[in-house]
Amino acid sequence: MDAGLLLPQPDLLGDRRLVVVSHRQPYAHVRHGKSAAVQVEKPPSGLTLALEPIVVATHGTWIAASGGNADAEFTDARGYVRDPPPDSPYRLRRLTLPPSLREDFYTGFANSSLWPLCHIAYHQPRFEEKWWRAYQAVNEIFAQAVAEEIGGEPATVFIQDFHLALAPQMVRARCPRALIAQFWHIPWPNPEAFRICPWRRELLEGMLGNDLLGFHLSYHGMNFMETLDRELAVRIDREHNLVSRPGAAGGLTKIGAFPISVDAQAIIASVTTIAAQQSVRELRERYARGRQLVLTVERMDYSKGIRERLEAIQRLFERHPQWRDRVSFVQIATPSRTDVRAYRDYAAEVDHLVAEINRRWGVRDWKPVLPLHQYVEPRQVWNWYLAADALIVSSLHDGMNLVAKEFAAAARDDAVLLLSEYTGAAREFREAVLLNPYAIDDFADKIAAGLEMPLEQRRERLRRLRWRVLQYDIGAWAADILRALRQHYFDNHGSAFPENSGGGMA
Ligand code: G6P
């Protein structure tokens, strides 16, 4: 893909190359069963799906941890994928993390400490010293790989998410000519919530290694600056959202809000193919059978409010009996982080609730909830969006929620989006039916209201939502970040032109 097709100004990188760094890799080589053929699988991660078109468009390099059981067969001795798949034509370097570190890093500090710390879903974070040590070690491994990749070049390094909070400072120490940006894909909590983390100062110092630090919402950026103010001796310029970095190297970190989006054109192109239309017909024949089809798509994660939604479905049948036997809830929930106990327990609880609802409300050939707790590849998920009469996003707390944005791109004009007000997407998507997943009765009433909404209103709302994702798609998001990074660099490296730095001009 040509950068110009996706990025409104292809020159946003200058002559710097782009290196994207994330824990999760954009695709994995996976073999299901000993003699089975190897498949290329894209993970159920909004982050990787959103970023891939940017790396393709800019001919960038991606550094990520290896994860597929057949990855090694497709990489060279240094971890570079030898023959990238046609859909992913860029350099991918896979890092092999030692299994003992990986568990304490990923299952431990990333998903049992930081994830519940940043998502206010009333799930208590746990902190273990050995998890923290592993987190430091893994961040070092990533920083070292970046240094090997760019050496002394003036590259742009774009680090992703909460797995790599320490990496920016570590990359800066190794690569002084790099421009470093990081995007934090999850919420940043208020200082009161964050202060229970025993290593909060180290995390903040790591993140101040960035030239630019992006959040989805300015609210999260404000929380971050407030947290800094309480925890570190830094100077904060609130007019320009600049933080002076502590330490001898000095420098400034710019904080910005960049609401991430999706490749709306690609989604629309995919769902308008003849094959997609055929698949949609089959999905409706098999799963709707004359009823309304309400879809949910998420990772099996307590922050997604799956339990609350199932309770609301029960309440819907109690409070609005006209909907019994007239609506099917298809629940695509991809297993996720299954090594974390809280995730396994949650999945078991969800299974139990689904069975209970189906037992209580099911009649003849109809079960109200159809659980598809499995991996579904992205293009097929987009077909599901088109097959659905409505989509519910019930997150208790979510940085953005790209499922809502993908749905806005793919859905039929007469479909309805019901969206938790605790997602970043709710700030932009005012045409969605907003709901509070904690308020079960009201949630049930909102589902009924969505299903009963007059056709003209549904059409007008969905068209506006689609307009929003087409106006601000993933290309616009990436362009905004790269532009802000370059502008910040120009603003703060003016000393290369001495005549402008005071008294030089006559
Ligand atoms: C969230 C995080 C991403 C992550 C995704 C899937 O969206 O912000 O960084 O990739 O969840 O999680 P996983 O643990 O499977 O990478």
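Residues numbered from 1 in each chain as written. Predicted model: local features only at pLDDT ≥ 70, side-chain atom pairs only at ≥ 80, totals over all residues. Heavy atoms only, no water.

A. Spatial organisation of the overall build of the protein. Scanning the protein from N- to C-terminus turns up 18 helices and 17 strands. In summary, the protein has a C-alpha radius of gyration of 23 Å against a globular reference of 23 Å for 506 residues, a match within 12%. Projected onto its principal axes, the C-alpha coordinates of the protein cover approximately 85 × 55 × 45 Å. When contacts within the protein are restricted to residue pairs at least 6 apart in sequence, those whose partners lie at least 24 apart make up 76%. Summing over all exposed atoms, the protein offers an accessible surface of approximately 21300 Å²; the carbon and sulfur share of this is 50%. Taken together, the 61 basic and 62 acidic charged side chains of the protein have centroids lying 2 Å from each other. (Helix = DSSP H or I, 4+ residues; strand = E, 2+ residues; numbered from the N terminus. Rg over C-alpha atoms; globule rule 2.2 N^0.38 Å. Contact = heavy atoms within 4.5 Å. Areas by Shrake-Rupley, 256 points an atom, 1.4 Å probe, with all protein chains shown as cover. Lys, Arg positive; Asp, Glu negative; His and termini not counted. Charge placed at Lys NZ, Arg CZ, Asp CG, Glu CD.)

B. Focus on the environment of Ala50. Structurally, Ala50 is set in helix α2 (residues 46-57). Judged by relative accessible area, Ala50 falls into the buried class, the value being 3%. C-alpha of Ala50 to C-alpha of Phe258: the two residues are 208 residues apart in sequence and 13 Å apart in space. Contact partners of Ala50, with chain neighbours within four places excluded, come to Ile260, Ser261, Leu402 and Ile474. (Buried < 20%, exposed > 50% of the residue type's maximum accessible area, 1.4 Å probe, protein only.)

C. Focus on the site of the ligand. The local shell around the ligand consists of Arg24, Ser45, Leu47, Tyr106, Trp115, Asp161, Phe162, His163, His185, Ile186, Arg299 and Arg337. Within the side chain of Arg24, a nitrogen or oxygen atom sits 2.9 Å from an oxygen atom of the ligand. The side chain of Arg299 places a nitrogen or oxygen atom 3.5 Å from an oxygen atom of the ligand. Considered on its own, the ligand offers 370 Å² of accessible surface; in the complex 90% of this is hidden by protein. Considered class by class, the residues forming the shell around the ligand number 5 nonpolar, 3 polar and 4 charged. (Near = heavy atom within 4 Å. Polar contact = N/O pair within 3.5 Å; in protein donor to acceptor, adjacent residues only side chain to side chain. Nonpolar A, V, L, I, M, F, W, Y, C, P; charged D, E, K, R; others polar.)

D. Layout of the pattern of salt bridges. According to the stated counting rule, one finds 45 salt bridges in the structure shown. The residue Glu349 makes a salt bridge to Arg307 at a minimum N-O spacing of 2.8 Å. Within this pair, whereas Glu349 is found in helix α12 (residues 341-361), its partner Arg307 is found in helix α11 (residues 306-319), the two being separated by 42 residues in sequence. We classify Arg307 as partly exposed; its relative accessible area is 28%. (Salt bridge = Lys/Arg side-chain N within 4 Å of Asp/Glu carboxyl O.)

E. Focus on the sheet that holds strand β12 (residues 292-299). Reading across the sheet, the 6 strands line up as β14-β13-β12-β15-β16-β17 and stay open at both edges, with parallel pairing between neighbours. Lying at the two open borders of the sheet, with one neighbouring strand each, are β14 (369-372) and β17 (433-435). Pairs of neighbouring strands in the sheet enclose a mean axial angle of 20°, with direction left out of account. (Pairing = 2+ DSSP bridges. Axes fitted to C-alpha atoms, helices over the stretch in contact; angles between N-to-C directions.)

F. Summary view of the domain arrangement of the protein. Once the domains are mapped, the protein shows domain 1 (3-29 + 37-260 + 474-493) and domain 2 (264-471). Look at where the C-alpha atoms of domain 1 and domain 2 centre, and you get two points 30 Å apart. In this complex, domain 1 contributes 29 residues to the contact, which on the side of domain 2 involves 25 residues. Each partner contributes to the roughly 2200 Å² buried at the junction of domain 1 and domain 2, and carbon and sulfur atoms together form 64% of this total. Contact with domain 2 buries surface across domain 1, with Pro44, Trp115 and Ile260 losing the most and accounting together for 23% of the total. Between the two partners, domain 1 and domain 2, sit 0 salt bridges. Secondary-structure elements contributing two or more residues to the side of domain 1 that touches domain 2 are α2, α3 (99-118) and α8 (218-231). (Domains from an automatic or database assignment. Buried area = accessible area lost by both parts, 1.4 Å probe.)

G. Quick look at helix α7 (residues 200-207). Here α7 has its buried residues at Arg200, Leu203, Leu204, Gly206 and Met207. Taken end-on, α7 shows its buried residues confined to a sector of 160°, consistent with a single buried face. (Arc of directions from axis to C-beta.)

H. A look at the pairing of β14. Inspection of the sheet shows strand β13 (residues 327-334) paired to β14 by 4 bridges, in the parallel sense. When the bridges of β14 are listed, Gln331 appears paired with Pro371. Following the backbone out of β13, through α12 and into the adjacent parallel β14, one traces a crossover that is right-handed. (Right-handed = clockwise from strand over helix to strand, strands pointing away.)

I. Representation of the nonpolar core. With 96 residues, the main nonpolar core has Leu203 and Phe329 as its most contacted residues. Ranked by the residues each element gives to this core, the list is headed by helix α4 (residues 129-150), at 11 residues. When residues of this core are sorted by domain, at least three fall in each of domain 1 (3-29 + 37-260 + 474-493) and domain 2 (264-471). In contact with Phe329, not counting residues within four places along its chain, are Val294, Ile313, Leu316, Phe317, Pro368, Val369, Leu370, Ile392 and Ile447. Ile54, Phe407, Trp477 and Ala484 belong to the second largest nonpolar core, which has 79 residues in total. (Core = buried A, V, L, I, M, F, W, Y, C linked by side-chain atoms within 4.5 Å.)

J. Here's a closer look at the confidence of the model for the protein. For the protein, per-residue confidence averages 94 on the pLDDT scale, and 95% of positions sit at 70 or higher. Taken element by element, the predicted model of the protein shows its lowest mean pLDDT in helix α1 (residues 3-6) (60) and its highest in strand β15 (residues 390-393) (99). Contacts of residues 500-506 to residues separated by more than four positions or lying in other chains number 3 contacts, the stretch itself having pLDDT below 50. (pLDDT = per-residue confidence, 0-100.)

K. Structural view of the pairing of strand β7 (residues 179-183). When you tally the buried positions in β7, you get 5 out of 5 residues, the bulk of the element. Neither face of β7 is exposed, since Leu179, Ala181 and Phe183 on one face and Ile180 and Gln182 on the opposite face are all buried. For strand β6 (residues 156-160) and β7, the ladder comprises 5 bridges, and the chain directions are parallel. Across the sheet, residue Gln160 finds its bridge partner in β7, namely Phe183. One crossover worth recording links β6 to the parallel β7 by way of helix α5 (residues 167-174), and it is right-handed. Where β7 lies against strand β8 (residues 212-215), 3 bridges are found, and the strand directions are parallel. Bridge pairing in β8 places Ala181 opposite Leu212.

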